[in-house]
2 protein chains.
Amino acid sequence: MSGFCTIAIDAMGGDFGPRVTVPATVEALERYPGLTIKLVGQIDSFTPFLHNIPASVRARLQPVQADGVIAMDEKPSHALRKGQNTSLGVALQLVADGQASACVSAGNTGALMVLGRRVLRMLEGIDRPAIVSAVPTQAGHCYMLDLGANVDCCAEHLLQFAIMGSVMTQAVDAVAAPRVGLLNIGQEAIKGNEQVKLASMLISTYGRLNYIGYIEGDDIFAGKADVVVCDGFVGNIALKSSEGVSRLVTQRLGVAFGRTFYRRMLAWLARPLLRELGQQLDPARRNGASLLGLQGIVVKSHGGADRACFGYAIDEAIAEVRMDVPRRISEQLAASLA
Amino acid sequence: MSGFCTIAIDAMGGDFGPRVTVPATVEALERYPGLTIKLVGQIDSFTPFLHNIPASVRARLQPVQADGVIAMDEKPSHALRKGQNTSLGVALQLVADGQASACVSAGNTGALMVLGRRVLRMLEGIDRPAIVSAVPTQAGHCYMLDLGANVDCCAEHLLQFAIMGSVMTQAVDAVAAPRVGLLNIGQEAIKGNEQVKLASMLISTYGRLNYIGYIEGDDIFAGKADVVVCDGFVGNIALKSSEGVSRLVTQRLGVAFGRTFYRRMLAWLARPLLRELGQQLDPARRNGASLLGLQGIVVKSHGGADRACFGYAIDEAIAEVRMDVPRRISEQLAASLA
């Protein structure tokens, strides 16, 4: 990282809370000498994990007290009511107040959505935040959005997702003209629903994207597009299905390998490879997902993230800060209105 | 198979036409001594593939001339206009006339949908046909529908899919009370769209199904349900995504294996296992998909199906004939109205 930045971390979020977030914070501070982290939550609960930290790191770790915690299964409406003094609410407020450049949380996605929207507000020209994540492909990875923030999207929302995804890919991956594909069904009876057909027309007409048209489910992983656009219902199910399949493959490989002594031996030899692969193919667990469309950077780590995965989410937040993704999205939107 | 049955096969359908359909037909006749196949198409084009067939098989293979062929990329509306004297149209008509108990085609899905609906008509109480296929799971397989016949479904359609899928699983797999799950998104902001919430209420209220509620994308492959219900847009994308991932896994395994000499050797040893696995995980290519909801049995083989896969589609048709799936669906619907 060139220069300095400050990130606010919701220490209480996720299935493991401070047990994962605090060590991941310490490691990130070791990785990035210019980084400062405001660690938000019940300070008493995370001090046990702050032993034996070098002074140079400890100096850049700023605990911030917040009494409230939003449970993983708490309803968004409830989270919104009690949001103010929760670890998540305070972390987001630090971003809104300019005291941090990004917020990272492994907490409740619904709460993150509604609080993020209220505290940080939407970018001008964007109606709804979208969840985006890097998904592995045969060519490397692509960015897919929305992954579950919006279950009923109209064509205009899909256009906004396309713009945001394209800008993010340009910024973070330095791809000059990211190929944007719209997820649809192929050769079947009626090609796509009305909303997708209309969105395709809107994206074509918009003209400022490298729009490659419709892509199908299998094209996501073949690497046909750099940005895959879909509504949150479809995106969430496609992503979770793909995680399910990669787990199925691992299980089936185990069974197939296990059938004879020779195969069991092969399986034993191949074990590290399979583990490596399983990790690569579980994007939600491995990488953070970003909330795009807000006036600020918010990265969501998987609820079950371990220390390494929470660390990847911090890395992602830093990359977005460095490339100033929200400002770039705003500029793109402003340019297209001008 | 107990007893005798007659199947009509669209010899011209699929990417390879008679080159695949005729040898698959001959092999099926060898497998099932009580089977008769009416092979529909341009007889001249498939006679070259009828060499050296035992007389006992040849006697049960009845060529039926049809001049027209529906192209793989032909629009459904166009197929409907020219349908009458095409190989697909004639094969379906044989079922409608009671001269065959099922129709198998590897042709254009859209054409199969619209012609099937016109020639065979819908079952009383079912509004739209649905495409169903067996999908591999950690526990074996489940049936998933709809896989692309209907892009905009209402809650009532999803209830009908649930009923049809449950009856099919009872009949073909002999599962007494198949667990029916409704595909939805999980912990995210807003749980599911309106149509899915309403469908869940309808299925619960219907009361005659073993309804287990919502399941998520990864649950499909974990084997949580015997029947997975979703609209055709979502189902198609989930299925194609999962095919894409299984191809990605194979490719990544190759790369991971190939990195060192030791790993290359391992890869070479593991090759047959990986091929076996790849086949298992490509349900659309491997198994046929059935069109449920028509007054007749229609099985769609993958357009790119090879001889073995087209043979699986014939097997599926025979299983459905044996269990009289459409009659069972009618009875279930009649019972629930009584």
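Shown above is the structure to which this text applies.
Along each chain, residues carry numbers from 1 onward, in the same order as the chain's sequence is written. Ligands are numbered from 1 and chains lettered from A, in the order in which they are written. Since the coordinates come from a predicted model, pLDDT governs what is reported: local features require at least 70, and pairs of side-chain atoms require 80 or more to be given and counted, while whole-chain, interface and lining totals use all residues. To obtain the side-chain values, all non-hydrogen atoms of the structure were included, while hydrogens and water were left out.

Notes on the overall build of chain A
Working step 1: To qualify as a helix, a DSSP run of H or I must reach at least 4 residues; to qualify as a strand, a run of E must reach at least 2; elements of each kind are numbered from the N terminus. Of regular secondary structure, chain A possesses 14 helices and 11 strands.
Working step 2: Relative to its full complement of 338 residues, chain A shows a buried share of 61%.
Working step 3: Contacts spanning at least 24 positions in sequence make up 73% of the contacts within chain A whose residues lie at least 6 apart. Note on exposure labels: buried denotes an accessible area under 20% of the residue type's maximum, exposed denotes more than 50%, and partly exposed covers the range between, all computed with a 1.4 Å probe on protein chains only. Contact definition: two residues touch when any of their heavy atoms are within 4.5 Å.

Describing the packing of helix 7 (residues 155-173) of chain B against helix 13 (residues 307-323) of chain B
All names here are of chain B.
Working step 1: Only C-alpha atoms enter the line fits that serve as axes; for helices the fit covers just the stretch in contact. Angles between N-to-C directions range over 0 to 180 degrees. Here helix 7 crosses helix 13 at 95 degrees, and the two axes come no closer than 9 Å. Considering their axes alone, helix 7 and helix 13 lie roughly perpendicular with respect to each other. Along its contact with helix 7, which presents Met168, Ala171 and Val172, the element helix 13 presents Glu316, Ala319, Glu320 and Met323.
Working step 2: Three categories are distinguished: nonpolar for Ala, Val, Leu, Ile, Met, Phe, Trp, Tyr, Cys and Pro, charged for Asp, Glu, Lys and Arg, and polar for the others, with Gly belonging to the last. When the residues that make up the contact of helix 7 with helix 13 are grouped by side-chain class, the tally is five nonpolar, no polar and two charged. To sort the angles, those under 35 degrees are grouped as roughly parallel, those over 145 as roughly antiparallel, those from 65 to 115 as roughly perpendicular, and the leftovers as oblique.

Concerning the sheet that holds strand 7 (residues 179-183) of chain A
Adjacent strands of a sheet pair through backbone hydrogen bonds, lying either parallel or antiparallel.
Residue and element names in this part refer to chain A.
Working step 1: Here, any two strands with at least 2 DSSP bridges between them count as paired. With respect to topology, 11 strands assemble into an open sheet ordered 3-2-1-4-11-10-5-6-9-7-8, the strand pairing being mixed. Two strands bound the open sheet, and with one partner strand each, they are strand 3 (61-65) and strand 8 (210-215). Strand-to-strand twist in this sheet, taken as the mean axis angle between neighbours without regard to direction, amounts to 25 degrees.
Working step 2: Here strand 6 (residues 140-145) runs beside strand 9 (residues 227-229); their pairing, made up of three bridges, is parallel. By the bridge assignment for strand 9, Met144 is matched with Val228.
Working step 3: Across the sheet, helix 6 (residues 109-120) lies against strand 4 (102-105), strand 5 (130-137), strand 10 (289-292) and strand 11 (297-300), angled at about 175 degrees from strand 11, the strand it touches most.
Working step 4: The strands touched by helix 8 (residues 194-206) are strand 7 and strand 8; relative to strand 8, the strand with the most contacts, the crossing angle is about 165 degrees.

Quick notes on the environment of Gly107 of chain A
All names here are of chain A.
Working step 1: Relative to the elements of secondary structure, Gly107 occurs in the loop between strand 4 and helix 6.
Working step 2: Residue Gly107 is classed as buried on the basis of its relative accessible area of 6%.
Working step 3: Considering only alpha carbons, one finds Gly107 and Asp73, 34 residues apart in sequence, at a separation of 9.5 Å.
Working step 4: Look past the residues within four positions of Gly107 in its chain and what remains in contact with it is Asp10, Gly13, Gly14, Met72 and Lys300.

Side note on the environment of Leu115 of chain A
Residues and elements named next belong to chain A.
Working step 1: Summarising the element assignment, Leu115 is placed in helix 6.
Working step 2: With 33 residues separating them in the primary sequence, Leu115 and Lys82 have C-alpha atoms 10.0 Å apart.
Working step 3: Ignoring anything within four residues of it in the chain, the contact list for Leu115 reads Ile70, Ala79, Leu80, Gly83, Thr86, Leu88, Gly89, Leu92 and Leu120.

Section: the state of the cysteines
All names here are of chain B.
Working step 1: By disulfide we mean two sulfur atoms from cysteines, separated by a distance within 2.5 Å. Evaluation of the coordinates by the stated rule reveals zero disulfides over all chains.
Working step 2: Looking at Cys153, it has no disulfide partner, and the nearest cysteine sulfur is the one in Cys154, 7.5 Å off.
Working step 3: By relative accessible area, Cys153 is classed as buried at 10%.

Remarks on the nonpolar core
Working step 1: Only buried Ala, Val, Leu, Ile, Met, Phe, Trp, Tyr and Cys residues count toward a nonpolar core, and they belong to the same one when joined by side-chain atoms within 4.5 Å. Judged by nonpolar contacts, the single largest core of 160 residues is most densely connected at Met144 and Leu183 of chain A together with Met144, Leu183 and Val229 of chain B.
Working step 2: Not counting residues within four places of it along the chain, the set of residues in contact with Leu183 of chain B comprises Phe233 and Ile237 of chain A together with Met144, Val196, Ile215, Glu216, Gly217, Ile220, Val228, Val229, Cys230 and Val234 of chain B.

Regarding the packing of helix 1 (residues 18-31) of chain A against helix 13 (residues 307-323) of chain A
Residues and elements named next belong to chain A.
Working step 1: Running from N to C, helix 1 and helix 13 point in directions that differ by 50 degrees, and their axes come no closer than 9 Å. Classified by the angle their axes make, helix 1 and helix 13 are oblique. For helix 1 against helix 13, the interelement crossing comes out right-handed. Of the residues in helix 13, those touching helix 1 at Val20, Thr21, Pro23, Ala24, Thr25, Glu27, Ala28 and Arg31 are Arg307, Phe310, Gly311, Ile314 and Asp315.
Working step 2: Residue classes in the contact of helix 1 with helix 13 are distributed as six nonpolar, three polar and four charged. Two helices cross in a left-handed way if the nearer one is turned anticlockwise from the farther one by less than a right angle. They cross in a right-handed way if the turn is clockwise.

Re the pairing of strand 11 of chain A
Residues and elements named next belong to chain A.
Working step 1: Residues of strand 11 alternate between two faces, with Ile297 and Val299 on one and Val298 and Lys300 on the opposite face, all of them buried.
Working step 2: With four bridges connecting them, strand 4 and strand 11 associate as parallel partners. What sits directly across from Ala102, in strand 11, is Ile297.
Working step 3: What sits between the antiparallel neighbours strand 10 and strand 11 is a turn of four residues, in which Gly293 has the positive phi angle 110 degrees.

Some words on the side chain of Asp231 of chain A
Residue and element names in this part refer to chain A.
Working step 1: Take Asp231: it is sitting in the loop between strand 9 and helix 10 (232-257).
Working step 2: Positive charge is attributed to Lys and Arg, negative charge to Asp and Glu, and no charge count is given to His or to the chain ends. Within this document, salt bridges are pairs made up of a side-chain nitrogen of Lys or Arg and a carboxyl oxygen of Asp or Glu, the two lying within 4 Å of each other. There is no salt bridge for the buried Asp231, and the closest opposite charge comes from Arg128, which lies 8.6 Å off by N-O distance.
Working step 3: Only 2.8 Å separates the side chain of Asp231 from the backbone nitrogen of Phe233, close enough to count as a polar contact.
Working step 4: Among all residues touching Asp231, those that are not within four sequence positions of it are Asp146, Asn150, Val151, Cys153, Leu158 and Gln195. Under the rule applied, a polar contact is a pair of N or O atoms within 3.5 Å (in protein, one hydrogen donor and one hydrogen acceptor; residues adjacent in sequence only if both atoms are side-chain atoms).

Examining helix 1 of chain A
All names here are of chain A.
Working step 1: To estimate the expected span of a helix, count its residues, drop one, and scale the result by 1.5 Å. An ideal rise of 1.5 Å per residue puts 20 Å on 14 residues; helix 1 measures up with 19 Å between its terminal C-alpha atoms.
Working step 2: For helix 1, the tally of buried residues reaches 10 of 14 residues, placing the bulk of the element in the interior.
Working step 3: Taken together, the buried positions of helix 1 are occupied by Pro18, Val20, Thr21, Val22, Pro23, Ala24, Thr25, Val26, Ala28 and Leu29.
Working step 4: In this structure, the buried residues of helix 1 make contact with strand 1 (5-10), strand 2 (35-41), helix 2 (43-46), helix 3 (55-58), strand 3 and helix 13.

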